Amino acid sequence: SLLVPTAKKRRKSAADSASRRVQRLLDDEEEVNWELVRQEAEGGDADARAAAKGLIPAPGVGSDPHQAVHSPKELGIEDFGKARIVQWFPGHIAKAEKALKEQLKMVDVVIEVRDSRCPLATEHPKLGEWTQHKNRLLAINRMEAITSADREKWTKYFRLAGMEPYWTNGKEGKGIEELLRAAIDLSKPVNEARKNRGLLPRAPRVVIVGYPNVGKSALINRLTKKRAVESAPKVGVTRQLRWVRLGTKMDNPNDGIDLLDTPGLLPMRQEDQFAAQKLAMCNEIGEASYLASVVAEEMIALINSTHGERFLSRLGERYSLEPPQSRDTIHRFTEDVAAKLFKGELEMAGRRILQDFQIGKFGPIALEYPSESDLRRADEDPNF
């Protein structure tokens, strides 16, 4: 068990030791007594402190999503870090990262897959450095999870940054052909260079990378039109790099593409806890690294700050309960869901609320938006 040190001079070293023990348990995928961890970390009633701050705006306040979406402070959620994510970096990710760096030498095109609900939070901070000399494509998966109006705004944002986003739906196959054709076009100079050197042409080599559970394997299965790789809506299904041969009828019926599927890649440390919370909300970081009930409550506060009454009414209707009206009642709402559906099990209630968001039961909802200033710049740019 995790013990709270009584001597003041031992408090820091004991806390560090506890943190290391938690990390070892996570690495070994063993259970952690999170209630003791939370009590030790908070040293008091965090929900009461959060309620006293009035952290959730009244329903309808801030319903324009472009008013504020870049930080907890801008959203009026100063205590967002109370649901801090424990650093989660299992051994198979470290091994995959090392193997990927070696395989990148043989790759022609890199397809980075992000989640439409949080396309900034699912950008790997090191990917640009690893692939700076490679052709890159940006695929934003789960296009159905946000509205078409939001997709248009993000398209403007990324074009302003010099990237063309390819919107995809891995489940239904939408956007796959366009993405594949773009990868083939980008790889053509490789065979032209081989021809000039007197070498025979070869199949394009494409690697698909991204955070855990953003839909990389689902895209590969759509491209190959078969279950070429394991795919499931949870973190950690793909645990090693794997090459898959893709036959295609485009350009030449005898052509093919070599696709490299990779495990989800995470940075070694989650420096931005606001972004880490969004990964948890979208099930893109290991469940062992956070408390589902706390993350679910933070998700309700976050979405209410941008969607207001419309979201809260859907939330209440989903569970046939009175929707929360303040920060204090968000926690009571989670308790009510637990009492109604799970015999008071708060963590099971938190997981249900998160799962309902992840499968779209509350409608298409983005967790991030471009800023108004970026959109104005895009509108004023003559190239758009």
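Residues numbered from 1 in each chain as written. Predicted model: local features only at pLDDT ≥ 70, side-chain atom pairs only at ≥ 80, totals over all residues. Heavy atoms only, no water.

A. Spotlight on the environment of R242. For R242, the position within the fold is in strand β5 (residues 242-247). Taking the relative accessible area as the measure of exposure, R242 reaches 44% and is therefore partly exposed. The spatial distance from the C-alpha of R242 to the C-alpha of P263 is 9.2 Å, given a sequence separation of 21 residues. (Helix = DSSP H or I, 4+ residues; strand = E, 2+ residues; numbered from the N terminus. Buried < 20%, exposed > 50% of the residue type's maximum accessible area, 1.4 Å probe, protein only.)

B. Quick peek at the side chain of R117. Following the sequence through the fold, R117 ends up in the loop between β1 (109-115) and α5 (127-130). Excluding residues within four positions of it along the chain, R117 makes contact with R142, A145, I146, C282, E284, F357, Q358, I365, A366, L367 and E368. (Contact = heavy atoms within 4.5 Å.)

C. A look at the packing of aromatic side chains. Across all of its chains, the model carries six aromatic pairs by this definition. Judged by centre distance (6.4 Å) and plane angle (65°), the ring pair of Y319 and F362 falls under edge-to-face. Placement of Y319 in helix α11 (residues 309-319) and of F362 in the loop between α13 (346-358) and α14 (372-380) is noted, with a sequence separation of 43 residues between them. Across the pair, exposure class does not vary: Y319 and F362 are buried alike. An aromatic cluster of at least three residues, connected via ring pairs, comprises F311, Y319, F333 and F362. (Phe/Tyr/Trp six-rings, centres within 6.5 Å; stacked < 30°, edge-to-face > 60°.)

D. Geometry of helix α9 (residues 273-281). With nine of nine residues buried, α9 is to be regarded as a mostly interior element. Of all the residues in α9, the buried ones are Q273, F274, A275, A276, Q277, K278, L279, A280 and M281. Among the structural elements, α10 (292-307) and α13 are those in contact with the buried residues of α9. At the exit of α9 stands N283, carrying a positive phi of roughly 60°.

E. Molecular detail of the pattern of salt bridges. Within this structure, the stated rule accounts for 14 salt bridges. Notably, a salt bridge pairs K188 with D185, separated by 3.5 Å at the nearest N-O pair. Here K188 pairs with D185, and both are found in helix α7 (residues 176-196), just three residues apart, close to one helical turn. Assessed through its relative accessible area of 39%, K188 is described here as partly exposed. Here D185 falls in the partly exposed class, since its relative accessible area comes to 40%. One connected set of salt bridges, linked through shared partners, spans E112, R114, E123 and R136. (Salt bridge = Lys/Arg side-chain N within 4 Å of Asp/Glu carboxyl O.)

F. Looking closely at the state of the cysteines. Scanning the entire structure with this criterion turns up zero disulfides. Free cysteine C282: the closest other cysteine sulfur is in C118, separated by 3.9 Å. (Disulfide = S-S within 2.5 Å.)

G. Focus on α14. Listing the buried residues of α14 in full gives D374, L375 and A378. Buried residues along α14 cover an arc of 95° about the axis, so they all sit on one side. Facing away from the buried side of α14 by more than 90 degrees, the exposed set consists of D379 and E380. Summarising the contacts, the buried residues of α14 are in contact with α6 (148-160). (Arc of directions from axis to C-beta.)

H. Geometry of the packing of α9 against α10. Contact pair α9 / α10: the axes reach a minimum separation of 10 Å and the direction vectors enclose 105°. Our classification of the angle between α9 and α10 gives roughly perpendicular. Between α9, through F274, Q277, A280 and M281, and α10, the contact on the second element is made entirely by V295, E298, M299 and L302. Residues that form the contact of α9 with α10 fall into these classes: six nonpolar, one polar and one charged. (Axes fitted to C-alpha atoms, helices over the stretch in contact; angles between N-to-C directions. Parallel < 35°, antiparallel > 145°, perpendicular 65-115°, else oblique. Nonpolar A, V, L, I, M, F, W, Y, C, P; charged D, E, K, R; others polar.)

I. Region of the structure containing unusual backbone geometry. Positioned with a positive phi, S320 is a non-glycine residue whose angle comes to about 55°. Relative to the helices and strands, S320 resides in the loop between α11 and α12 (327-341). Of the residues examined, S320 reaches a relative accessible area of 57% and is grouped as exposed. At K343, a residue that is not glycine, the phi angle is positive and equals roughly 55°.

J. Region of interest: the confidence of the model for the protein chain. Averaged over every residue, the pLDDT of the protein chain is 76; residues scoring 70 or more account for 68%. By mean pLDDT, helix α3 (residues 46-53) is the weakest element of the protein chain at 37, and strand β3 (residues 165-167) is the strongest at 97. Across residues 44-81, confidence stays below pLDDT 50; counting only partners more than four residues off in sequence or on other chains, it has 80 contacts. (pLDDT = per-residue confidence, 0-100.)

K. Looking closely at the packing of α10 against α13. Orientation of α10 relative to α13, taken along the N-to-C sense of each, is 45°, at an axis distance of 7 Å. In terms of their interaxial angle, α10 and α13 are classed as oblique. The interaxial crossing formed by α10 with α13 has left-handed handedness. The residues of α13 that touch α10, namely those facing A292, S293, V295, A296, M299, I300 and I303, are L346, E347, G350, R351, I353, L354 and F357. Taken together, the residues of the contact of α10 with α13 break down into ten nonpolar, two polar and two charged. (Left-handed = near helix turned anticlockwise from the far one by under 90°.)

L. Region of the structure containing the pairing of strand β2 (residues 135-141). Extensive coverage of β2 is indicated by the burial of five of its seven residues. Alignment of β1 against β2, held across seven bridges, turns out to be parallel. The residue bridging E112 from the neighbouring strand is L138, located in β2. When β2 meets β3, the two strands line up parallel, connected through three bridges. Bridged to A139 within β3 is Y166. Between the parallel pair β2 and β3, the chain is carried across by α6, and the sense of this crossover is right-handed. (Pairing = 2+ DSSP bridges. Right-handed = clockwise from strand over helix to strand, strands pointing away.)

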